[in-house]
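Chain residues, written in single-letter form:
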Amino acid sequence: MLSTERNEALTRVGRGTPAGELLRRYWYPVAAVADLDANPVVKVRLLGEDLALYRDGQGTLGLVAEACPHRRASMAYGIPEEVGLRCPYHGWLFNDRGACLEQPAEAPGSTFKDRITTTAYPVQELGGMIFAYLGPEPAPLLPRFDLYVWEGMLRSVGRTLVPCNWLQIMENSVDATHAEWLHGRYFNYVLGRQEPGSERANYLKGLSRHHIKIGFDRFEWGIIKRRVLEGNTEEHDDWAIGHPLVFPFMLRVGNSKIHTFQIRVPVDDTNTMHYWYTVEPPEDGVELPPQRSVPIYEVPWRQENGAFIVDYIDGQDVMCWVTQGDIAQRNLEHLGTSDKGIILLRGMLAEQIDLVKQGRDPMGVIRDPAQNEIIVLPEERNKTHTSVADRRTAPRLGHTRYNPYHEEFQRLLHGEPVQSSL
Amino acid sequence: VAELDSSVRFCPACGQALAVGMSYLQEFWVATETIYYCWCSSCSWRGEIKAVARVIGVEPAEDDQSFSDLHELETIYRNS
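In terms of regular secondary structure, chain A is built from ten helices and 19 strands. A compact globule built from 422 residues would reach a C-alpha radius of gyration of about 22 Å, and chain A, at 23 Å, matches this within 12%. For the C-alpha atoms alone, the extent of chain A along its principal axes is close to 80 × 60 × 50 Å. The 422 residues of chain A split such that 57% are buried. Across chain A, every contact between residues at least 6 apart in sequence was considered, and the portion connecting residues at least 24 apart equals 63%.

Encoded structure:
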């Protein structure tokens, strides 16, 4: 059990709230570059703030308050000009710093525009994504995590909006034993009812393995999660290397053939945009052509009748996160010793909130460019839960089954000729 | 923290009230035991506090050195 008061402090994301102030110290992906290629102005909601993201005629990115300061109409329907974004209602024009450049309906020579600004936040592009920072200036550096900057690999991004608070999703990343049950026993149960005798069930044997031991270590970027599964020892990568929760809003998971960031972007108190940012290296000896565009695709988790889609790993996770409630009532829960990773994460969150209250930078905020050339994170090479066998023939048990470019990617990764649109 | 039905109110290291600041107290259970994970925002002490309902010890074997030491200490105490 956790007190209601602490639960509020750890979960709420609005400006001025304890966690909201901590979360404003980090850069978040708010769209894919491909989104702006399709439409140069998109609506964004981040940390409870409604915003309009755009790219103007000069290629400059901007992120401004959605409500125009004139009559509050939506800038997300604005017109990108050569410089800045123009409100569709009366033509007021704002640049990426929030300065009002034009008020066409006012008298020529009026200085009214000089008294008007709109909220504007810095945005940067990296690895096919657009990142925003909503915190106090000076903004820290946008972390150059390995998956965003590694060369010679293929990238794709899955996305879905999950209608629940960000923290219960993050807690899942240090809840080691859920894999054995939700993605093992429950997955087998679902497949047994849905497709008896399914070959996919054979691939669940690793996921069903019993946890002999779980471990959690604090490290520079968050928490490394380790496990010893039945039949394994501490020599196996699952324990010897593990994989990290990158504080406060990412999970790194994968193996030598596929690397993924699960990125949980707090949209508001009760909604989280979930990205699966996936990077795949080619087979040995294969040199990939340059990837011009990183595709983004939607990952569904509800059936037409409203029921959850539970016959794939990430859908099972979403089912559990959403059914915990819009903000999980931690005052009603009963934690055991297998929940120690969750307890560690909550304690870390409280510590880091306290650091921010003291005016200090929290964990994971970097300002030294020398530390930011590339940030390489630990990750198992051979992960018991996921096969590193032939990725082309292995069934897609997770979100990648919705990647429309999967077949094209496989041909490219195996060095086969393909007419690629990317 | 104040809402938590717990006898743990103060940091065991510095004595600061745990309701102050962002101190963190999380109850969890192991079998019949109730344990509180605690982080104090005042002194940064981090640890677990266990509620003890019954103290159970283990009788040491007679050839155990610690038993011999204990017996020797007891003898010294009685003789003094």
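The structure having been displayed, the exposition proceeds.
Residues and elements named next belong to chain A. The three strands lie next to each other as E1-E11-E10, forming an open sheet whose pairing is antiparallel. Edge positions in the sheet fall to strand E1 (27–32) and strand E10 (123–126), since each has one partner strand and no second. Across the sheet, the axes of successive neighbouring strands diverge by a mean angle of 35°, strand direction being ignored. Relative to strand E11 (residues 129–133), E10 runs antiparallel, the two sharing four bridges. Within E11, the position partnered with Gln124 by the bridge is Phe131.

Contacts between the two partners involve 25 residues from chain A and, on the opposite side, 21 residues from chain B. Between chain A and chain B the total buried area reaches about 2000 Å² when both faces are included, carbon and sulfur atoms providing 59% of it. In terms of surface lost to chain B, no three residues of chain A exceed Met1(A), Arg6(A) and Ile343(A), which account for 31% of the buried area on that side. Applying the counting rule to chain A against chain B returns two salt bridges.

This part takes up the packing of helix H6 (residues 178–194) of chain A against helix H8 (residues 313–323) of chain A. Helix packing for two helices is described by the angle between their axes and how far apart those axes are. Residue and element names in this part refer to chain A. With their axes 10 Å apart at the nearest point, H6 and H8 run at an angle of 115° to one another. In terms of their interaxial angle, H6 and H8 are classed as roughly perpendicular. The two elements H6 and H8 meet at a crossing, and its hand is right-handed. Residues His178, Leu182, His183, Tyr186 and Phe187 of H6 touch H8, and the partners they reach there are Ile313, Gln316, Asp317, Met319 and Cys320. Here the residues of the contact of H6 with H8 are counted per class, giving six nonpolar, three polar and one charged.

On to the side chain of Asn165(A), then. Residues and elements named next belong to chain A. For Asn165, the position within the fold is in the loop between strand E12 (154–162) and helix H5 (166–172). There is a polar contact of 2.8 Å between the side chain of Asn165 and the backbone oxygen of Asp269. Ignoring any residue separated from it by four or fewer positions in sequence, one finds Asn165 in contact with Thr11, Asp269, Thr270, Thr272, Asp326 and Ile327.

Residues and elements named next belong to chain A. Here the structure, examined in full by the defined rule, presents two cavities of 30 Å³ or more. Reported here for the largest cavity is a volume of approximately 180 Å³. Together, 19 residues line the largest cavity, and Tyr26, Trp27, Pro143, Phe145 and Phe249 are the ones closest to its centre. Residues that form the lining of the largest cavity fall into these classes: 17 nonpolar, one polar and one charged. What the second largest cavity holds in volume is close to 70 Å³. Around the second largest cavity, the lining residues are Leu154, Leu288, Pro289, Pro290, Gln291, Phe409, Leu412, Ser420 and Leu422.

All names here are of chain A. Taken as a whole, this structure holds 31 salt bridges over all chains when the rule is applied. Here Glu351 ties to Arg218 by a salt bridge, and the two come within 3.1 Å at their closest N and O atoms. Of this pair, Glu351 sits in helix H9 (residues 340–357) while Arg218 sits in strand E13 (residues 211–219), and the two are 133 residues apart along the sequence. The exposure class assigned to Glu351 is buried, which follows from its relative accessible area of 10%. By relative accessible area, which is 34% here, Arg218 ends up partly exposed. Each of Lys43, Arg45, Asp50, Glu66 and Asp268 takes part in salt bridges that share partners, so that together they form one network.

Rules behind the numbers
Residues numbered from 1 in each chain as written. Chains lettered and ligands numbered in written order. Predicted model: local features only at pLDDT ≥ 70, side-chain atom pairs only at ≥ 80, totals over all residues. Heavy atoms only, no water. Helix = DSSP H or I, 4+ residues; strand = E, 2+ residues; numbered from the N terminus. Rg over C-alpha atoms; globule rule 2.2 N^0.38 Å. Buried < 20%, exposed > 50% of the residue type's maximum accessible area, 1.4 Å probe, protein only. Contact = heavy atoms within 4.5 Å. Pairing = 2+ DSSP bridges. Axes fitted to C-alpha atoms, helices over the stretch in contact; angles between N-to-C directions. Buried area = accessible area lost by both parts, 1.4 Å probe. Salt bridge = Lys/Arg side-chain N within 4 Å of Asp/Glu carboxyl O. Parallel < 35°, antiparallel > 145°, perpendicular 65-115°, else oblique. Left-handed = near helix turned anticlockwise from the far one by under 90°. Nonpolar A, V, L, I, M, F, W, Y, C, P; charged D, E, K, R; others polar. Polar contact = N/O pair within 3.5 Å; in protein donor to acceptor, adjacent residues only side chain to side chain. 1 Å grid on protein atoms, 1.4 Å probe; cavity = no way out; pocket = protein on both sides within 12 Å on 5 of 7 lines; lining within 4 Å. Points joined across faces, edges and corners; volume = space filled by probe spheres on them.

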